[in-house]
Amino acid sequence: MQATPFQVVDGQLLGARQVASPNFNQRPEQTEIQLIVIHNISLPPSQFGGGYIEKFFQNQLDWSVHPYFQTIEGMQVSAHLLILRTGEVLQFVNFKDRAWHAGRSSYLGKVECNDYSIGIELEGSDDLNFEQNQYNVLAQVVAVLQRAYPKTDQHLAGHSDIAPKRKTDPGPHFQWNEFRTLLHKQKQ
Ligand SMILES: [Zn+2]
């Protein structure tokens, strides 16, 4: 495994900025983490920076700031991790807990992916390329997660894979092949 600034200790990702979200609950008893789900999000859509995603996941977004925000008013969601355009990583929910990112979903016939997955949001949109730095950091983070939670090793999916009729993210600009190549190198 290549050198990385990240490490998983007690459900926390060291190297990530910790920002507590109230939007989580317990995973069902005896549930092992066995899937990593990749998403994209931007607020407002396709606009970056501003700190609105962070506020949204903390239920502190000022809905009056932008007309789009009114369409998501009151939604209570979260992800375990968010990777900003700069490559900075934020952690909102401990990996031992169940974050609210997938919604109605199924993977290999198992429903309710939130129960047994880790959700990673990339600051991005379906219309724009991701930053190289986001791929590099994502590969580092997924490599340490797969080491900490070995059942996720062969189980990576996009939100659109587990909720195909409802969701399109991480979208057509997410380069799965490039990402898998980086991940493979990272794990060597
Ligand atoms: Zn998503």
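Rules of the game
Note on numbering: residues in each chain are counted from 1, in written sequence order. Reporting of local features is limited, given that this is a predicted model, to residues whose pLDDT is at least 70; pairs of side-chain atoms are given and counted only at 80 or more, and all residues count toward the totals for whole chains, interfaces and linings. UniProt positions are given in the numbering used here, feature names are shortened, and annotations may be inferred rather than shown by experiment. By convention in this section, buried Ala, Val, Leu, Ile, Met, Phe, Trp, Tyr and Cys residues joined through C-beta atoms within 7 Å make up a nonpolar core. Exposure criterion: with C-beta atoms placed from backbone coordinates, a residue whose C-beta has 20 or more other C-beta atoms within 10 Å is buried, one with 12 or fewer is exposed, and one in between is partly exposed. Here a helix means four or more residues in a row that DSSP labels H or I, a strand means two or more in a row labelled E, and each is numbered from the N terminus. By definition, residue pairs are in contact when their C-beta atoms, positioned from the backbone, come within 7 Å. Any two strands with at least two DSSP-identified bridges between them are counted as paired.

The chain has the name 1,6-anhydro-N-acetylmuramyl-L-alanine amidase AmpD in an unreviewed UniProt entry, where Acinetobacter sichuanensis is given as its organism. Per UniProt, the chain has the following entry under Catalytic activity (unreviewed entry): "Hydrolyzes the link between N-acetylmuramoyl residues and L-amino acid residues in certain cell-wall glycopeptides."

Peer 1: Can you walk me through the nonpolar core in this structure?
Peer 2: Side chains of nonpolar character tend, in soluble globular proteins, to be buried together. If you look at the biggest cluster of nonpolar residues, it comprises 46 residues, and the most contacted ones within it are Leu 81, Ile 83, Ile 120, Leu 138 and Val 141. For this core, the secondary structure elements donating two or more residues are strand 5 (35–41), helix 1 (52–57), strand 6 (81–83), strand 7 (89–91), strand 11 (117–123), helix 3 (132–148) and helix 5 (176–187). Ranked by residue count, the leading element in this core is helix 3, at nine residues. When neighbours within four sequence positions are excluded, Val 141 is seen to be in contact with Phe 6, Leu 13, Leu 81 and Val 89.

Peer 1: Would you mind showing me how to read the pairing of strand 11 here?
Peer 2: Regular strands have side chains that alternate between both faces of the sheet. Within strand 11, seven of the seven residues are buried, which leaves the element mostly enclosed by the surrounding structure. Summarising the sheet, strand 5 and strand 11 pair through seven bridges and their orientation is parallel. Along strand 11, the bridge assignment pairs Val 37 with Gly 119. When strand 6 meets strand 11, the two strands line up parallel, connected through three bridges. Bridging from a neighbouring strand, Ile 83 pairs with Leu 122 of strand 11.

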